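# Results of the structural survey
As a plain string of letters, each chain reads:
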Amino acid sequence: MQKYSVFSLVKNALSNHENWDLAWKDPTPKKEYDVVIIGGGGHGLATAYYLAKEHNITNVAIIEKGWIGGGNVGRNTTIIRSNYMHDDNALFSEFGMDLWRRMSQDLNYNVMFSPRGIINLAHSDAQMNTYARRGNSMRLNGIDAVLLNREEVREIIPMADFSENVRFPIFGGLMQPSAGTARHDAVAWGYARQADDMGVDIIQNCEVIGFDVSAGKINGVRTSRGDIKAKKIGLCVAGSTNILAEKLNMTLPIETHLLQACVSEPVKPVLDKVVTFGAGHFYISQSDKGEMVMGGDLDGYNSYAQRGNLPTLQHVLTEGIAMMPFLSKLKMLRTWGGIMDMSMDGSPIIDKTHIEGLYLNCGWCYGGFKATPASGWTFAHTIAQDRVHELNAGYSLNRFNTGHLLDEKGLGTKTWIS
Amino acid sequence: MRSQNEFSYGGDATVKRPELGKEISDQDWDNFVYNRKSLRGKHWELWQHLSGCRQWIKVQRDTATHEIFKTLKANEDIS
Ligand SMILES: Cc1cc2nc3c(=O)[nH]c(=O)nc-3n(C[C@H](O)[C@H](O)[C@H](O)COP(=O)(O)OP(=O)(O)OC[C@H]3O[C@@H](n4cnc5c(N)ncnc54)[C@H](O)[C@@H]3O)c2cc1C
């Protein structure tokens, strides 16, 4: 593989950039692999990469029904953070933060990781207390957290509404300075390029349509391009989890919902943090191109539509304008949606299943982009060793049965309002 | 025709609470509280006309196109 560097850039410039290697190949599927990963999103690609890199398992195929990066990994708003209160979530996410910091070097691909900090705004004394508690829990787990008062917040984001007569005045906020954003496509492409180089087959335009299970064991998958045998199969299909679960006669604690996001026209740099509104669901950051990147609530009913409806967008942007009134002057450039695997406690599942050789990675809700490296790393471990790692032990499938829920927000099972 | 804004979602309408006073397994309880099919296509679900008459109804809707096929009163059985 050609290493990307300033030298290779100069060298290729001399030949008009016509001689770059392809970043990954387009192989025809083999009849059998050691491991098949279903889904070429961030998690599937990262899993294949860590299977090869950490466990020396390279006879691996990623089966993707469309093109890699066409799912949620290419549709999200790229917020990366580890500001969780519960130990299982905090330790897993902070392990991921370490991988993020090294990712561009590890993958020899600039993923533009930008640890610009995230501020969750508080709009009442009660909310300040809750944030103090969450911040303390984070610090006990070695994660950076700073509680900001109103004046400190005003210094950082003066463009927010600090006037007196507002419905939700800003009391302060909780900041995780090391949180940030990254370029989502680059993450998918970076993992794909390295996985391909280590021998993984990335098979696109190939849909898994069924499974070959006998005597409680998985033997392979049926795909639109023929049957493929494998003793180990990992499911990383995010918003399509319910569809494939049904083909396995499994009913999971997951519902499929739609989340929208939008960007404004590009403007000059105005916001150098990620900011979330604390009295509803709205968050915002500014992209390198200058667009304001915004999102918020789910559309509110089960959906596979992959594009949203207006009422939710209107509602979310009303919150945005309440928080930062200047937004009302901007034109909307694009809106889009992705289908989410909403779990019943808001936390993911990375586990084995009752079918031998079948492994499950799902339930990412709207927070799975930041989890990409840690999810790939732990899922690869779970598949390679046939047992969960301590980092994903809390993300078991049977926690719903035993009552060990990881409900960070305490919202319960109404996934569409979470 | 009423605006979507007037309605509030109540989830999968096919989920049935296990009968009171009967012995039920953990699995039955799990299926009631947590496990959902949530498939692409026709889906029976509960909606409330929250900013209106406040009645609960059952609606059969396509989860990919949002087309509505049938509606029932809350106490009518899905056939
Ligand atoms: C609008 C929006 C904003 C978001 N914002 C954030 C954020 O700020 N921070 C954050 O951390 N997370 C965010 N998320 C969530 C995050 O994007 C997802 O949780 C994460 O990307 C899911 O993992 P993935 O990348 O592997 O999924 P995907 O990229 O969706 O990968 C799944 C792949 O499986 C493929 N597939 C499905 N069925 C089959 C089949 N039968 N056969 C073969 N292939 C199949 C799909 O085509 C798809 O490519 C957001 C999501 C959305 C939609």
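Below, the structure is looked at part by part.

## Side note on the packing of aromatic side chains
Applying the stated rule across the entire model yields 17 aromatic pairs over all chains. For the ring pair Y4 of chain A and W20 of chain A, a centre distance of 5.7 Å and an interplane angle of 85° mean the geometry is edge-to-face. One end of the pair, Y4 of chain A, is in the segment before α1 (6-14); the other, W20 of chain A, is in the loop between α1 and β1 (32-38), with 16 residues separating them in the sequence. By relative accessible area, Y4 of chain A is classed as partly exposed at 28%. With a centroid separation of 5.9 Å and 55° between ring planes, the pair formed by Y4 of chain A and Y109 of chain A is classed as tilted. Here Y4 of chain A is found in the segment before α1, whereas its partner Y109 of chain A is found in the loop between α3 (87-107) and β4 (118-122), with 105 residues between them in sequence. Within the aromatic cluster, the residues linked to one another by ring pairs are Y301 and W416 of chain A together with Y9 and W47 of chain B. The residue whose ring lies beneath R193 of chain A is Y4 of chain A, and the NZ or CZ to ring-centre distance is 3.5 Å. One cation-aromatic arrangement involves K42 of chain B over F69 of chain B; the distance from NZ or CZ to the ring centre is 4.5 Å.

## Regarding the nonpolar core
Generally speaking, nonpolar side chains in soluble globular proteins are found buried as a group. Residue and element names in this part refer to chain A. Counting 48 residues, the largest nonpolar core has I37, L45, Y50, L51, V60, W100 and Y191 as the members making the most contacts within it. Looking at this core, the elements with two or more residues in it are β1, α2 (42-55), β2 (60-63), α3, α6 (184-197) and α9 (372-385). Considering each element in turn, this core owes the most residues, 7 residues, to α2. Apart from the residues within four sequence positions on either side, Y50 is in contact with H55, L99, Y191, P373, G376, W377 and A380. V36, F211, L244 and L252 belong to the second-largest nonpolar core, a separate cluster that totals 31 residues.

## Quick notes on the interface of chain A and chain B
Counting residues at the interface gives 24 residues for chain A, matched by 22 residues for chain B. Buried surface at the junction of chain A and chain B, summed over both partners, amounts to about 2,200 Å²; 52% is from carbon and sulfur atoms. Looking only at chain A, the three residues that lose the most surface to chain B are Y301, N302 and Y304 of chain A, adding up to 28% of its buried area. At the junction of chain A and chain B, the tally comes to 1 salt bridge. For the salt bridge of E255 of chain A with R36 of chain B, the shortest nitrogen-to-oxygen distance reads 3.9 Å. Linking chain A with chain B are 12 residue pairs in polar contact (both at pLDDT 80 or more), by the criterion used here. Of all the secondary structure elements, the ones that give two or more residues to the side of chain A that touches chain B are α7 (241-247), β12 (254-264), β15 (292-302) and α10 (399-402) of chain A. Considering every element that reaches the side of chain A that touches chain B, the biggest residue donor is β12 of chain A, with 4 residues. Of the residues contributing to the side of chain A that touches chain B, the split by class is 12 nonpolar, 10 polar and 2 charged.

## Observations concerning the site of the ligand
Residues and elements named next belong to chain A. The full set close to the ligand counts 38 residues, and E64, N72, V73, T77 and K370 are the nearest of them. In the environment of the ligand, an oxygen atom lies 2.9 Å from a nitrogen or oxygen atom belonging to the backbone of V73. Considered on its own, the ligand offers 1,000 Å² of accessible surface; in the complex 96% of this is hidden by protein. Taken together, the elements giving at least two residues each to the shell around the ligand come down to α2, β12 and β16 (332-343). Tallying contributions element by element places β12 first for the shell around the ligand, with 3 residues. When the residues that make up the shell around the ligand are grouped by side-chain class, the tally is 18 nonpolar, 15 polar and 5 charged.

## Quick look at the packing of α2 of chain A against α9 of chain A
All names here are of chain A. Viewed as axis vectors pointing N to C, α2 and α9 meet at an angle of 55°, and their least axial separation amounts to 7 Å. The pairing of α2 with α9 is recorded here as oblique in orientation. In this structure, the crossing between α2 and α9 has a hand that is right-handed. Counting all contacts with α2, which are made through G42, H43, A46, T47, Y50, L51, E54 and H55, the residues of α9 involved are T372, P373, S375, G376, W377, F379, A380, H381, I383, A384 and Q385. Of the residues assigned to the contact of α2 with α9, the class counts are 9 nonpolar, 9 polar and 1 charged.

## Overview of a positive patch on the surface
Residue and element names in this part refer to chain A. On the surface, a cluster of positive charge is made up of K31, K217, K229 and K231. Positionally, K217 belongs in strand β10 (residues 217-223). A relative accessible area of 41% means that K217 is categorised as partly exposed.

## Digging into helix α4 (residues 125-140) of chain A
Since the α-helix turns once every 3.6 residues, residues separated by three or four places project in the same direction. All names here are of chain A. Look at α4: 23 Å from first C-alpha to last across 16 residues, which is about the 22 Å you get at 1.5 Å a residue. Among the residues making up α4, those that are buried are Q127, M128, Y131, R134, G135, S137 and M138. Looking at the buried residues of α4, the elements they touch are β4, β5 (146-149) and β6 (172-176). Just beyond α4, the residue with positive phi is G142, at close to 80°.

Cut-offs applied
Residues numbered from 1 in each chain as written. Chains lettered and ligands numbered in written order. Predicted model: local features only at pLDDT ≥ 70, side-chain atom pairs only at ≥ 80, totals over all residues. Heavy atoms only, no water. Phe/Tyr/Trp six-rings, centres within 6.5 Å; stacked < 30°, edge-to-face > 60°. Helix = DSSP H or I, 4+ residues; strand = E, 2+ residues; numbered from the N terminus. Buried < 20%, exposed > 50% of the residue type's maximum accessible area, 1.4 Å probe, protein only. Lys NZ or Arg CZ within 6 Å of the ring centre and 35° of its normal. Core = buried A, V, L, I, M, F, W, Y, C linked by side-chain atoms within 4.5 Å. Contact = heavy atoms within 4.5 Å. Buried area = accessible area lost by both parts, 1.4 Å probe. Salt bridge = Lys/Arg side-chain N within 4 Å of Asp/Glu carboxyl O. Polar contact = N/O pair within 3.5 Å; in protein donor to acceptor, adjacent residues only side chain to side chain. Nonpolar A, V, L, I, M, F, W, Y, C, P; charged D, E, K, R; others polar. Near = heavy atom within 4 Å. Areas by Shrake-Rupley, 256 points an atom, 1.4 Å probe, with all protein chains shown as cover. Axes fitted to C-alpha atoms, helices over the stretch in contact; angles between N-to-C directions. Parallel < 35°, antiparallel > 145°, perpendicular 65-115°, else oblique. Left-handed = near helix turned anticlockwise from the far one by under 90°. Patch = residues over 30% accessible without salt bridge, like charges linked within 9 Å, V, L, I, M, F, W, Y side chains within 5 Å. Lys, Arg positive; Asp, Glu negative; His and termini not counted. Charge placed at Lys NZ, Arg CZ, Asp CG, Glu CD. Expected span 1.5 Å × (residues − 1).

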